[in-house]
Amino acid sequence: MSDVKTLDKPVPPGGVIGIIGGGQLGRMLAMAAARLGLKAAIYNDELHAPAFQVTPLQIAAPYDDRNLLTGFAEICDAITFEFENLPSDAIAHLASLKPVRPGQRALEITQDRFSEKNFVRGLGLKTAPFADVSSAEDAKAAFAAIGGLAILKTRRLGYDGKGQAKVTSADETEAAFGRFKSQPSILEGFVDFAFEASVVAARGADGSFAAYDPPENIHENHILRRSIVPGRLSKAQGEEAKAMAKTIADALDYVGVLAVELFVGRDGALTVNEIAPRVHNSGHWTIEACACSQFEQHIRAVAGWPLGDPTRHADAVMENIIGAEAHAWESLARAGALHLYGKREARLGRKMGHMTQLKPLTK
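Please read all numbers here as calculations on a predicted model, not as lab measurements.

Novice: Summarise the overall build of the protein chain; cite the residues concerned and give the values.
Specialist: Across its full length, the protein chain carries 11 helices and 17 strands. Relative to a compact globule of 363 residues, whose C-alpha radius of gyration would be 21 Å, the protein chain shows 20 Å and is just as compact. Judged by the C-alpha coordinates and their principal axes, the protein chain covers about 60 × 50 × 40 Å. The 363 residues of the protein chain split such that 53% are buried. Counting contacts in the protein chain only where the partners sit at least 6 residues apart, residues at least 24 apart contribute 63% of the total. Working note: accessible area of the protein chain is about 15600 Å², and carbon and sulfur atoms make up 52% of it. Side chains of the protein chain give 40 positive and 43 negative charges; the mean places of these two sets differ by 3 Å.

Novice: Hey, could you go over the sheet that holds strand S6 (residues 150-154) for me, with residue numbers and the actual values?
Specialist: One open sheet accounts for four strands, arranged S5-S8-S6-S7; its pairing is antiparallel. Both edges of this open sheet fall to strand S5 (130-133) and strand S7 (164-167), since each of them pairs with a single strand only. Sheet twist, expressed as the mean angle between neighbouring strand axes with direction ignored, is 25°. Note that S6 and strand S8 (residues 185-189) share five bridges and pair antiparallel. Bridging from a neighbouring strand, Thr154 pairs with Ser185 of S8. Strands S5, S6, S7 and S8 of the sheet are contacted by helix H5 (residues 113-122), whose axis makes an angle of about 150° with S5. Where helix H7 (residues 170-179) meets the sheet, it contacts S5, S6, S7 and S8, and its direction lies at approximately 165° from that of S7.

Novice: I'd love a proper account of helix H1 (residues 24-35), names of residues and values included.
Specialist: Along its 12 residues, H1 runs 17 Å from first to last C-alpha, staying within 8% of the 16 Å computed at 1.5 Å per residue. With nine of 12 residues buried, H1 lies mostly within the body of the structure. Among the residues of H1, Gln24, Leu25, Gly26, Arg27, Met28, Leu29, Ala30, Ala32 and Ala33 are the ones counted as buried. Packing partners of the buried residues in H1 comprise strand S1 (16-20), strand S2 (39-44), helix H9 (286-289), helix H10 (294-303), strand S16 (337-340) and strand S17 (351-360). Of the residues one or two after H1, Gly37 is the one with positive phi, at around 80°.

Novice: Can you break down the nonpolar core residue by residue, with the values?
Specialist: Ranked by internal contacts, the top residues of the largest apolar core, which has 41 residues, are Ile17, Leu38, Trp285, Phe295 and Ile299. Residue assignment for this core shows that the elements contributing at least two residues are S1, H1, S2, strand S9 (193-203), strand S12 (223-229), strand S13 (256-265), H10 and strand S15 (314-322). Of all the elements, H1 adds the most residues to this core, at six residues. Residue contacts for Trp285: discarding those within four places in its chain leaves Tyr212, Asp213, Pro215, Ser227, Val229, Cys290, Arg312, Ala316, Met318 and Thr356. If you look at the next biggest cluster of nonpolar residues, it comprises 25 residues, including Ala241, Ala249, Tyr254 and Val272.

Novice: So, the packing of helix H4 (residues 104-111) against H5: which residues are in play, and what are the values?
Specialist: Where H4 contacts H5, the axes come no closer than 5 Å and their chain directions differ by 110°. On the basis of their axis angle, the class for H4 and H5 is roughly perpendicular. Contacts between H4 and H5 pair Arg105, Ile109, Thr110 and Gln111 from the former with Arg113, Ser115, Glu116 and Phe119 from the latter. Taken together, the residues of the contact of H4 with H5 break down into two nonpolar, three polar and three charged.

Novice: An account of the environment of Asp267 is requested, with residue identities and associated values reported.
Specialist: In this structure, Asp267 sits in the loop between S13 and strand S14 (270-276). Look at Asp267 and you get exposed, because its relative accessible area is 65%. For Asp267 and Asp3, which are 264 residues apart along the polypeptide, the C-alpha to C-alpha distance reads 47 Å. Within the local environment of Asp267, its side chain forms a polar contact with the backbone nitrogen of Ala269, the two atoms lying 3.0 Å apart.

Novice: Outline the state of the cysteines, listing residues and values.
Specialist: Summed over all chains, the structure comprises zero disulfides. Cys290 forms no disulfide, and the closest cysteine sulfur to it belongs to Cys292, at a distance of 8.3 Å. Using a relative accessible area of 4% as the deciding quantity, one classes Cys290 as buried. Cys292 gets classed as buried once you look at its relative accessible area, which sits at 3%.

Calculation rules
- Residues numbered from 1 in each chain as written.
- Predicted model: local features only at pLDDT ≥ 70, side-chain atom pairs only at ≥ 80, totals over all residues.
- Heavy atoms only, no water.
- Helix = DSSP H or I, 4+ residues; strand = E, 2+ residues; numbered from the N terminus.
- Rg over C-alpha atoms; globule rule 2.2 N^0.38 Å.
- Buried < 20%, exposed > 50% of the residue type's maximum accessible area, 1.4 Å probe, protein only.
- Contact = heavy atoms within 4.5 Å.
- Areas by Shrake-Rupley, 256 points an atom, 1.4 Å probe, with all protein chains shown as cover.
- Lys, Arg positive; Asp, Glu negative; His and termini not counted.
- Charge placed at Lys NZ, Arg CZ, Asp CG, Glu CD.
- Pairing = 2+ DSSP bridges.
- Axes fitted to C-alpha atoms, helices over the stretch in contact; angles between N-to-C directions.
- Expected span 1.5 Å × (residues − 1).
- Core = buried A, V, L, I, M, F, W, Y, C linked by side-chain atoms within 4.5 Å.
- Parallel < 35°, antiparallel > 145°, perpendicular 65-115°, else oblique.
- Nonpolar A, V, L, I, M, F, W, Y, C, P; charged D, E, K, R; others polar.
- Polar contact = N/O pair within 3.5 Å; in protein donor to acceptor, adjacent residues only side chain to side chain.
- Disulfide = S-S within 2.5 Å.

Don't take any of this as a statement about function, it's just geometry.
Here you go:
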């Protein structure tokens, strides 16, 4: 790791922040960069990317094309990524050329659910019971060890419920592993939670830390439906969630915004579900409800700027616009702060945009 490039001084206005991935998160990061007088360059593996619509600096090429990655790095002052399902060696290659934030270690740990669970447990934080499943025999043994209702997940890839199966017996676990084509998997014991929450936070290269108020999150069909802040977390639980995020960020020597998804138990205990090494859907409300949004905060951290103030100045409800719901854009535009992502096709379960409604601050 000695050849990893570091940032000697902050990227000044007019500098270029490279973003690997051109989805809606890359799009909103690019827009936040522009607000700070920075330029954004997008590298995406498909031609028609939402982020390509907001910046002229763009490359469409495979994520493992070393020559084009090298050319991309040459026009950037610092580089980040908008999603974690990227080739780790491609990020390592970029990091040998320009500062990449967050770094390869954070990406590698969070790409693999089993590695991530071991990492979190090693920090003394609570997780669901879990076991590695690499064979049909492992599947049966894992269920016997965990017992009761469980969820089999592929160790890599999969989001919004993809690559997951609920199981109630050893035979069901083995069958689900077969449906996953024997991909390395993890069996997680079911957590009987009262509700779900998350904490979105940022860490600067100097170790500075800033966390947003944790929202309560409601999912439908494994897809985030809405985030509500303030939710049902008590003040003490909110502070505990922020402390958990800081523990994780410090242990990763993280630079940028990350999200920690949480289960809130009926007894009030907080259990880490997953870590996202990037800006997060449950933080979209910060665009309207905070002086410094999660997107600006991430750009600040990546560029070596001071972190912004995460204080919330309003209560907020962020609602995702999914699939054909986007066709009602005109009525949605009357209901709140509307964000549409410029996607060409409104497919079932696809996040097409979001809307945020604000109310006066209550706490």
